[in-house]
Structure formats: structure tokens, C-alpha cells
Protein chains: 2
Amino acid sequence: MSASSSKTVEPAHNVHDGRERAKSSLTPVRVALTPAQRFGDYLQSRGMRSTQQRQMLLELVFSGHEHFDADQLMERLPAKGKHGYVSRPTVYRTLAEFVDAGLLRKFELKGRSVYEHDYGYPQHDHLHCTECGKLIEFQCETLSDIKSSVASEHGFQVRSHRLIISGICQPCRKKRRRVRRKVDRI
Amino acid sequence: MSASSSKTVEPAHNVHDGRERAKSSLTPVRVALTPAQRFGDYLQSRGMRSTQQRQMLLELVFSGHEHFDADQLMERLPAKGKHGYVSRPTVYRTLAEFVDAGLLRKFELKGRSVYEHDYGYPQHDHLHCTECGKLIEFQCETLSDIKSSVASEHGFQVRSHRLIISGICQPCRKKRRRVRRKVDRI
DNA sequence: TTGAATGCAAAGGATTTGCAGAGGC
DNA sequence: GCCTCTGCAAATCCTTTGCATTCAA
């Protein structure tokens, strides 16, 4: 019996056809609208505008499924002065909008905000390698049982959760072993 | 069957006899050394010194079992100028030492560092009320199973984990209901 | 046209650091 | 007396804000 799985939960199709996407441990779930369409609805329903900056960031953010922070996103943008450049404040403002629109989830890691896809992406948790910083996704159905049983015990209304398991990933463990052997020989 | 419990795991005795302590949902576990003794060993083993500031903070931090951040700890200190005052940089430096010595655990909440007892305190996780900010502790044995099964699947060496379930606590839910009724009447 | 969105510069909040003086051992 | 520790001030890091200008609708 396995309490967890990193396999795909549904025979999913990528909603972002026609874009290359970074490799990721989970596969997007088929959804009714693309992120761009959903964000369009979000903007319209609030009298907000579809600007070049928002379009640019939408494309960048949903061209892959990697976790990222504001800095990493900025690095992938054209340099200041170039066409397509978006300023840092606008990046932060837009990321907050994506979160508000339900497209992204935000969480804290080592004092900084990390973002990941939410819309059309399966619920999952993370292994965090403290050596190389890598985030590995995994899925675990048992957690829902824990959540509901804890919730009922405390009369608590659960909105969301965040589970991060820290330790050393396989590649880093191998590297360490190699180093240790070297040290032993000296 | 219950996947979790907030009861005490061991017929524990408080190691901090002779000090008043704040109420907390879990009870400390009996340990060989008091936190002060353990910290003394830590200092000595590294050629570090036992100063008034470190003693002061040790007493404050281990006089209760509440979660706290650097600010809250500072507020409980004598004011600047008064005997027993400890400066902010020293508070941060000393908290880092407590973490390093295994006395405290540190985690992030809403962009700030929160500390809680680790040494002599049972492993637990948290419910976080997004309304009032309260942290409620709970224990869950099932989590160890999840951790080990995920770890073996990914060849991951687990060092620790952090699970925070966010939502609305019972008191806040009741308050909300009251407010809603009032609004309905208008 | 007109108000929302942007970019700039600057502020903000939490935490850290350099350094000269204070104080354990 | 030596060397660590402290407090001060200032720096750092990430993120947010005020405001004049730009631009989508």
C-alpha cells in the first residue's frame, strides 16, 4: 500500500497546446478555459484592462509548469528598454492578480514568495531539497483524510494547506557520498 | 478511527518547573537536560560565552510554550535603558543560536519568522486561522507514514517537514455567523 | 476622453552586518 | 588580557506605494 503517488491522477491533456513547456512531475488537468481565457474573464468582470504587460506575463508564466519567484520571472523578461520589458512593481502587481484570479498559488520559501500553477493543475505537495533548493511535487490522497479529521476535531473550516517535506534529494545524496569517500581516502 | 489527535503523547512532566508557563495545547515531554543546561553545553562546546543577554532570552523563551516572533519577544523584554534590555540584533542572533542548538524550530508565516519550542516538545503540526492569526497545534501519526512512503518513492532523505492547514477557527466562524445574521436583518 | 495601468523613485518592514566599545573567562 | 559579544547605525533583501505619465477602451 502506498500513501502517496507522483503519477498523474487523470488522463490529462495539456491546455497549453502550441507552447513548449518545461518538464514537471505532474501533468495538467483538462479544463474548460485556458488560463488566458480565464484571466480575460477575470479582467472584464472587474473593469480591468488587458495590457501588453499582462499578456506578456501570462504567456511567460503559463509557458511552463516550473515553480518560480518574482526574480526568476524578471530574468526571463526582455531587458529594460527592450520591447516586452515589464517593470518589477508591475510584475508583483500582476502576480497578485494571477493569484486572485485563481491562476497561481503563492507560498513562502526561505523568506521569499514562490509561485506555481493552480488553475488546471492537480493538487499536490512538495519535497524540498535543502542542498540544491529543488522542489519535487508529489500527490497524497491520505492528506485529505487528515485534514477532514483534524478539522472536525477542532471545529475548523479548512480552506487550504501547505505541506513541505525537507531533506536531501537523491542526486544530492549521491554527490555527498562521493565527497565523503574522497574525504575518507585522504 | 481518528487520523489525528491533540492529546498528549506521553505521561509528560514539565521540565520547566518553578516557572509559570503559558497555556498550550500540547504538554512538554520529559527530557534529560533542561533547555538551559542543553544550551550551556552548546555554548561550552563551541567556546561561546554565557552572557546576561543569552540568559535573559533563555528565560523568556522557555517560560512559556507559545509561538512567537522576534517582535513579540522584544516586547516582553525590559525597555531600552532598563536592566535586562537586549537589542534587536542580539535577539535575532540569539534566536538563531537557539535554533542551531536544537532548542527552537523556526518557520515562516506571512513573510515573518515564527519560533516554537523544539527541544523537549512533541512533534506536531498547525492549524492557522487566517481571520485571527491564531495557531492551533495538533498531532497526527499518519503523517510519518506519508513521509516514509513518499521518501522511499523518491529516494529522498527526510530531515523534517512543515504542515500548515489554513482556514477559519471555531470562534471566528461563530463571530462571522453573528455578523452575517446582523447584515441579513438590515 | 477618461480612468486604469505603468514605470520610476522612494518607502516599508523584517532581518543582517560592520565595527568600536563592553564584558566574560 | 584576550577574544567574544553587544549595541549602534547602517545596509540588505524583498516587496509595496505615491505619483506623474501612458495607454486601453
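Residue numbers run consecutively from 1 along every chain, following the written order of its sequence. Think of it this way: whatever chain is written first is A, whatever ligand is written first is 1, and the rest follow in order. In view of the model being predicted, local features appear only for residues whose pLDDT reaches at least 70, and side-chain atom pairs are presented and counted only at 80 or more, with totals across whole chains, interfaces and linings using the full set of residues. As a rule here, side-chain values come from all non-hydrogen atoms in the structure, and water together with hydrogens is ignored.

Each residue is tested against the molecule or strand, and it is near if at least one of its non-hydrogen atoms lies within 4 Å. Near DNA strand D you find 20 residues, and of these Tyr92, Arg112 and Ser113 of chain A together with Gln53 and Arg93 of chain B are the closest. Here, DNA strand D places atoms within 4 Å of the protein, and 68% of those atoms are sugar or phosphate. Nitrogen and oxygen atoms within 3.5 Å of one another constitute a polar contact, given that in protein one can donate a hydrogen and the other can accept it, and given that sequence-neighbouring residues count only through two side-chain atoms. In the model, a phosphate oxygen of DNA strand D is placed 2.9 Å from a nitrogen or oxygen of the Thr90 of chain B side chain. A run of DSSP states H or I qualifies as a helix once it reaches four residues; a run of E qualifies as a strand once it reaches two. Both are numbered from the N-terminal end. Listing elements by their share of the surface near DNA strand D, those giving two or more residues are helix 4 (88–100) and strand 3 (112–117) of chain A together with helix 2 (52–61) and helix 4 (88–100) of chain B. Element by element, the count of residues in the surface near DNA strand D is highest for helix 4 of chain A, at four residues.

This part takes up the pairing of strand 6 (residues 157–168) of chain B. Summarising the sheet, strand 6 (residues 157–168) of chain A and strand 6 of chain B pair through 11 bridges and their orientation is antiparallel. Each residue of the ladder has a partner; that of Val158 of chain A, found in strand 6 of chain B, is Gly167 of chain B. Note: two strands are recorded as paired if DSSP finds a minimum of 2 bridges between them.

Once that is clear, we can look at the protein's contact with DNA strand C. The immediate surroundings of DNA strand C are formed by 20 residues, with Arg49 and Gln53 of chain A together with Arg49, Tyr92 and Arg112 of chain B found nearest. Of everything in DNA strand C that lies within 4 Å of the protein, sugar and phosphate atoms constitute 62%. Between Arg49 of chain A and DNA strand C, the recorded distance is 2.3 Å, taken from a side-chain N or O atom to a base nitrogen. Note that a phosphate oxygen of DNA strand C is positioned 3.5 Å from one of the backbone N or O atoms of Tyr85 of chain A. Residues are grouped as follows: Ala, Val, Leu, Ile, Met, Phe, Trp, Tyr, Cys and Pro are nonpolar; Asp, Glu, Lys and Arg are charged; all remaining types, including Gly, are polar. Grouping the amino acids of the surface near DNA strand C by side-chain chemistry returns six nonpolar, seven polar and seven charged.

All right, on to the sheet that holds strand 1 (residues 68–69) of chain B then. Residue and element names in this part refer to chain B. Strand order across the open sheet formed by three strands is 1-3-2, with antiparallel pairing between neighbours. A strand with exactly one partner marks an edge of an open sheet, and here the two such strands are strand 1 and strand 2 (104–109). When strand 1 meets strand 3 (residues 112–117), the two strands line up antiparallel, connected through two bridges. Within strand 3, the residue paired with Phe68 across the bridge is Tyr115. The contact criterion used throughout is that any non-hydrogen atoms of two residues lie within 4.5 Å. The convention used is that axes are lines fitted to C-alpha atoms, helices contributing only their stretch in contact, and that angles between N-to-C directions extend from 0 to 180 degrees. The strands that helix 4 touches are strand 1, strand 2 and strand 3; relative to strand 2, the one it contacts most, it runs at about 120°.

This part covers the interface of chain A and chain B. Every contact between the two is made by 40 residues of chain A and, on the other side, 40 residues of chain B. Throughout, the accessible surface (probe 1.4 Å) given up by two parts as they are put together, summed over both, is called the buried area. In total, chain A and chain B occlude about 3,400 Å² of area from one another, counting both sides; carbon and sulfur atoms represent 61% of this. Looking only at chain A, the three residues that lose the most surface to chain B are Ile146, His154 and Phe156 of chain A, adding up to 19% of its buried area. A pair is scored as a salt bridge if a Lys or Arg side-chain nitrogen falls within 4 Å of a carboxyl oxygen belonging to Asp or Glu. Summed over the shared surface of chain A and chain B, the number is zero salt bridges. Taken together, the links from chain A to chain B amount to 10 residue pairs in polar contact (both at pLDDT 80 or more). At the level of secondary structure, the elements contributing two or more residues to the side of chain A that touches chain B comprise strand 4 (125–129), strand 5 (135–138), helix 5 (142–154), strand 6 and helix 6 (170–185) of chain A. Here the element with the most residues in the side of chain A that touches chain B is strand 6 of chain A; it accounts for 12 residues.

One pass over the structure, following the stated rule, counts 16 salt bridges over all chains. For Arg112 of chain B, the salt bridge is made with Asp69 of chain B, and the minimal N-O distance between the two is 3.2 Å. Remark: Asp69 of chain B occurs in strand 1 and Arg112 of chain B occurs in strand 3; sequence separation between them is 43 residues. To sort residues, take the accessible area from a 1.4 Å probe on protein chains only and compare it with the maximum for the residue type: under 20% means buried, over 50% means exposed, and anything in between is partly exposed. On the accessibility criterion, Arg112 of chain B (39% relative accessible area) is partly exposed. On the basis of relative accessible area, Asp69 of chain B is assigned to the buried category, the value being 11%. Residue Glu131 of chain B pairs with Arg176 of chain B through a salt bridge whose shortest N-O separation is 2.9 Å. One end of the pair, Glu131 of chain B, is in the loop between strand 4 (125–129) and strand 5 (135–138); the other, Arg176 of chain B, is in helix 6 (residues 170–185), with 45 residues separating them in the sequence. Within this structure, Asp69, Asp71, Arg88 and Arg112 of chain A form a network of salt bridges that share partners.

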